[in-house]
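Inside the fold
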Amino acid sequence: LSCFANYTTCPALLSPRQPKIGDPVGHPQATKASEAAVLAALRWLRDHQESNGSWKCPRSSSATTGLALLAFFAHGETDDSTEFGDAVNRGLRFLIQSIDATGTVSDKSMYAQAIVTLALCEGYALIRSPVLREPAERAAHVLLTAQAVPKSNPLHSGGWRYTSTSADADTSVTGWSIMALQAADHAGIAVTPETFTKASAYLWRMHGQDGFGYAAPGDAPVPTAIATFCLQFLGHAGDTRLHGALDLLKKQNVSWPQSTGAFVLYGWYYTTLAMFQGGGAYWENWHQKIAPALMAAQADDGSWPPPPHSSGEAAFAGTPTYATALGAMILETYYRYQPQYLQKKKAG
């Protein structure tokens, strides 16, 4: 408690801690080249951290700091890691300071709220410091309260959007919120099953002919990837509608210099998560496309710029933390999430 009260100066911010997850090096699907790409990205992130522990972003430094920390966590890095421990420690301090007494992120964006909550909860699950649990609980409570806000359109019930008082919802903000609350639940922070039941119902209401829509039923690639992964992770992996969504996603072309559309890299991140959960030919075919494309596009310094023809992501080109964190997390997918079908086999 005394450490939490003085977290801005306490040198042992994140102690005590539990043993961290296994070393990902040597994972059967990692190669020397992919592991080198991940390490280069993590070193770029470490070397471009601001003095206050954040990472720059034109939209939200809190959200981008959360993404950077998630890239470190996916590689098994915590506060006591030899090479990256200081960066993790300072990044978590910044996130703790970025939320107010209610748990609300300073820039009031629900994208930032969800990503910061996800990072705090994953950090707490890895490190088990009481210094992290209390702010993680506060941040998660904001998401739970926002979901309960009455929606003007019944289709949007159970989802999230741009602010904590939004009376509508979209698939994108909802995806991050689900991931954050799943991480909270995994870390032992109270989240009722009803929260996930309502979120699942919202996503299913966005289902179109084969895929999912952004704020109405449809078949757009990025919302399809987000909804498919979240529903897989919420226990719906065997639903035949998700097989149709995976079939839709596998038609995507992966070309860093040529792919066009809105938030291409963001879509590839969620598609990678969904394909990994899909397993089998879905994963093998996608992995054979996305991993070489990423490694070929990585800059010599370890960073990634956003794909050049991705509308919406051009704003992140000047401070490439966003793209670098997402690129690293795509290559870390099999370090970070166990496929749901494997979990079911173990449970059975």
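Below, the structure is looked at part by part. (Residues numbered from 1 in each chain as written. Predicted model: local features only at pLDDT ≥ 70, side-chain atom pairs only at ≥ 80, totals over all residues. Heavy atoms only, no water.)

Quick notes on the nonpolar core
Counting 109 residues, the largest nonpolar core has Leu120, Trp160, Trp176, Trp268, Tyr269 and Tyr270 as its most contacted members. Here the element with the most residues in this core is helix α5 (residues 110–127); it accounts for twelve residues. With near-sequence residues (within four places) excluded, Tyr269 lies in contact with Trp176, Met179, Leu326, Met329, Ile330 and Arg336. (Core = buried A, V, L, I, M, F, W, Y, C linked by side-chain atoms within 4.5 Å. Buried < 20%, exposed > 50% of the residue type's maximum accessible area, 1.4 Å probe, protein only. Helix = DSSP H or I, 4+ residues; strand = E, 2+ residues; numbered from the N terminus. Contact = heavy atoms within 4.5 Å.)

Focus: the pattern of salt bridges
Across all of its chains, the model carries twelve salt bridges by this definition. Linking Glu83 and Arg43 is a salt bridge whose minimum nitrogen-to-oxygen distance equals 2.6 Å. With a gap of 40 residues between them, Glu83 in the loop between α3 (61–74) and α4 (85–98) and Arg43 in helix α2 (residues 32–47) connect regions that are remote in the sequence. Given the relative accessible area of 35%, Arg43 is considered partly exposed. Close ionic contact of Lys108 with Asp100 constitutes a salt bridge, the shortest N to O distance being 4.0 Å. Of the residues examined, Lys108 reaches a relative accessible area of 52% and is grouped as exposed. (Salt bridge = Lys/Arg side-chain N within 4 Å of Asp/Glu carboxyl O.)

Here we look at the side chain of Thr195
Inspection of the secondary structure puts Thr195 in helix α8 (residues 193–205). Judged by relative accessible area, Thr195 falls into the buried class, the value being 6%. Ignoring any residue separated from it by four or fewer positions in sequence, one finds Thr195 in contact with Leu144, Gln147 and Leu181.

Things to note about the packing of helix α9 (residues 221–236) against helix α10 (residues 240–249)
Direction vectors running N to C along α9 and α10 enclose 145 degrees, while the axes themselves pass 10 Å from each other. For α9 against α10, the interelement crossing comes out left-handed. Along its contact with α9, which presents Pro221, Thr224, Ala225, Thr228, Leu231, Gln232 and His236, the element α10 presents Leu242, Ala245, Leu246, Leu248 and Leu249. Considering only residue class, the contact of α9 with α10 consists of eight nonpolar, four polar and no charged. (Axes fitted to C-alpha atoms, helices over the stretch in contact; angles between N-to-C directions. Left-handed = near helix turned anticlockwise from the far one by under 90°. Nonpolar A, V, L, I, M, F, W, Y, C, P; charged D, E, K, R; others polar.)

Examining the packing of helix α11 (residues 264–278) against helix α12 (residues 280–297)
Close contact between α11 and α12 brings their axes to 7 Å; oriented N to C, the two are set at 145 degrees. Crossing handedness for the pair α11 and α12: left-handed. Packed against α11, whose contacting residues are Trp268, Thr271, Thr272, Met275, Phe276 and Gly278, the element α12 presents Gly280, Tyr282, Trp283, Trp286 and Ile290 at the interface. Split into classes, the residues belonging to the contact of α11 with α12 amount to seven nonpolar, four polar and no charged.

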